[in-house]
Amino acid sequence: IFPSRADATNDITFDDLELQIPLKTQFQRTMLTERAAQLDGKNIRIRGFIFAGGVFQQTGITSFPLVKNTQCKFGPQGLAYCVILVDLAEGVKTNFTTRPITVEGELSVRPFDSGGFTWAVYHILGTKAY
């Protein structure tokens, strides 16, 4: 485990955020790995894909689910650590693409629960999306 840098943007992958959380489970903070806990509240840069089912426009997108890969499921049959809910800061927008996208911003552990289980564990307040 390498230390995260408080004063810089930490380049990470979804592997840094992996958890042992079964499908259809409610997230508990004790499920965080040491690495994931280190990254909570830090500025990060991560690459993934905009989940097509989570956006309803092609341009001017300000919030979207970012998934590890195009095979990742979001919702009841998805792994809660393979998706990050992204809200872009005021004035920051992106366009839909089927290609990988890079997001920079502050990562936080902010579970999104529905139907008694966790759909997503992480959130990014994005300052850049490209």
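Residues numbered from 1 in each chain as written. Predicted model: local features only at pLDDT ≥ 70, side-chain atom pairs only at ≥ 80, totals over all residues. Heavy atoms only, no water.

**Description of the overall build of the protein chain**
So, point 1. Of the regular secondary structure elements, the protein chain holds one helix and six strands.
So, point 2. Sequence-ordered secondary structure for the protein chain, helices as α and strands as β, is β-α-β-β-β-β-β.
So, point 3. For a compact globule of 130 residues, the expected C-alpha radius of gyration is about 14 Å, and the protein chain comes in at 14 Å, within 12% of that figure.
So, point 4. Projected onto the principal axes, the alpha-carbon positions of the protein chain cover approximately 40 × 35 × 25 Å.
So, point 5. Summing over all exposed atoms, the protein chain offers an accessible surface of approximately 7,000 Å²; the carbon and sulfur share of this is 50%. (Helix = DSSP H or I, 4+ residues; strand = E, 2+ residues; numbered from the N terminus. Rg over C-alpha atoms; globule rule 2.2 N^0.38 Å. Areas by Shrake-Rupley, 256 points an atom, 1.4 Å probe, with all protein chains shown as cover.)

**Some thoughts on the packing of aromatic side chains**
Two aromatic rings, taken as a pair, are described by how far apart their centres are and by the angle between their planes.
So, point 1. Within the structure shown, the criterion is met by two aromatic pairs.
So, point 2. Here Phe-117 and Trp-119 contribute two aromatic rings whose centre-to-centre distance is 6.2 Å and whose plane-to-plane angle is 15°, an arrangement assigned as stacked.
So, point 3. Taking relative accessible area as the criterion, Phe-117 reaches 12% and is therefore assigned buried.
So, point 4. Three or more aromatic residues joined by ring pairs make a cluster, and in this case those are Phe-112, Phe-117 and Trp-119. (Phe/Tyr/Trp six-rings, centres within 6.5 Å; stacked < 30°, edge-to-face > 60°. Buried < 20%, exposed > 50% of the residue type's maximum accessible area, 1.4 Å probe, protein only.)

**Some details on empty space enclosed by the protein**
So, point 1. As enumerated under the stated definition, the model contains one cavity of 30 Å³ or more in all.
So, point 2. There is about 40 Å³ of room inside the largest cavity.
So, point 3. Together, Ile-21, Pro-22, Leu-23, Lys-24, Thr-25, Gly-78, Leu-79, Ala-80 and Thr-118 line the largest cavity.
So, point 4. Looking at the lining of the largest cavity residue by residue, the classes come out as five nonpolar, three polar and one charged. (1 Å grid on protein atoms, 1.4 Å probe; cavity = no way out; pocket = protein on both sides within 12 Å on 5 of 7 lines; lining within 4 Å. Points joined across faces, edges and corners; volume = space filled by probe spheres on them. Nonpolar A, V, L, I, M, F, W, Y, C, P; charged D, E, K, R; others polar.)

**Side note on the pairing of strand S4 (residues 83-88)**
So, point 1. Judged by how many residues are buried, S4 sits mostly within the fold: five of six residues are covered.
So, point 2. The pairing of strand S3 (residues 63-67) with S4 spans five bridges and is classified as antiparallel. Bridge pairing in S4 links Val-67 to Val-83.
So, point 3. In this structure, S4 lies alongside strand S6 (residues 117-129), joined through five bridges in parallel fashion. Across the sheet, residue Leu-85 finds its bridge partner in S6, namely His-123. (Pairing = 2+ DSSP bridges.)

**Looking at the state of the cysteines**
So, point 1. Enumeration over the complete set of coordinates arrives at zero disulfides.
So, point 2. In this structure Cys-72 is not part of a disulfide, and its nearest cysteine sulfur, from Cys-82, lies 4.1 Å away.
So, point 3. Accessibility expressed as a relative area gives 12% for Cys-72, which makes it buried.
So, point 4. For Cys-82, a relative accessible area of 7% corresponds to the buried category. (Disulfide = S-S within 2.5 Å.)

**What to know about the nonpolar core**
So, point 1. Within the largest apolar cluster, 37 residues are counted, with the highest numbers of intra-cluster contacts made by Leu-19, Ile-46, Phe-64, Leu-66, Ile-84 and Tyr-122.
So, point 2. Elements supplying a minimum of two residues to this core: helix H1 (34-39), strand S2 (43-50), S3, S4, strand S5 (101-114) and S6.
So, point 3. With near-sequence residues (within four places) excluded, Ile-84 lies in contact with Phe-14, Leu-17, Ile-46, Phe-64, Pro-65, Leu-66, Tyr-122, His-123 and Ile-124. (Core = buried A, V, L, I, M, F, W, Y, C linked by side-chain atoms within 4.5 Å. Contact = heavy atoms within 4.5 Å.)

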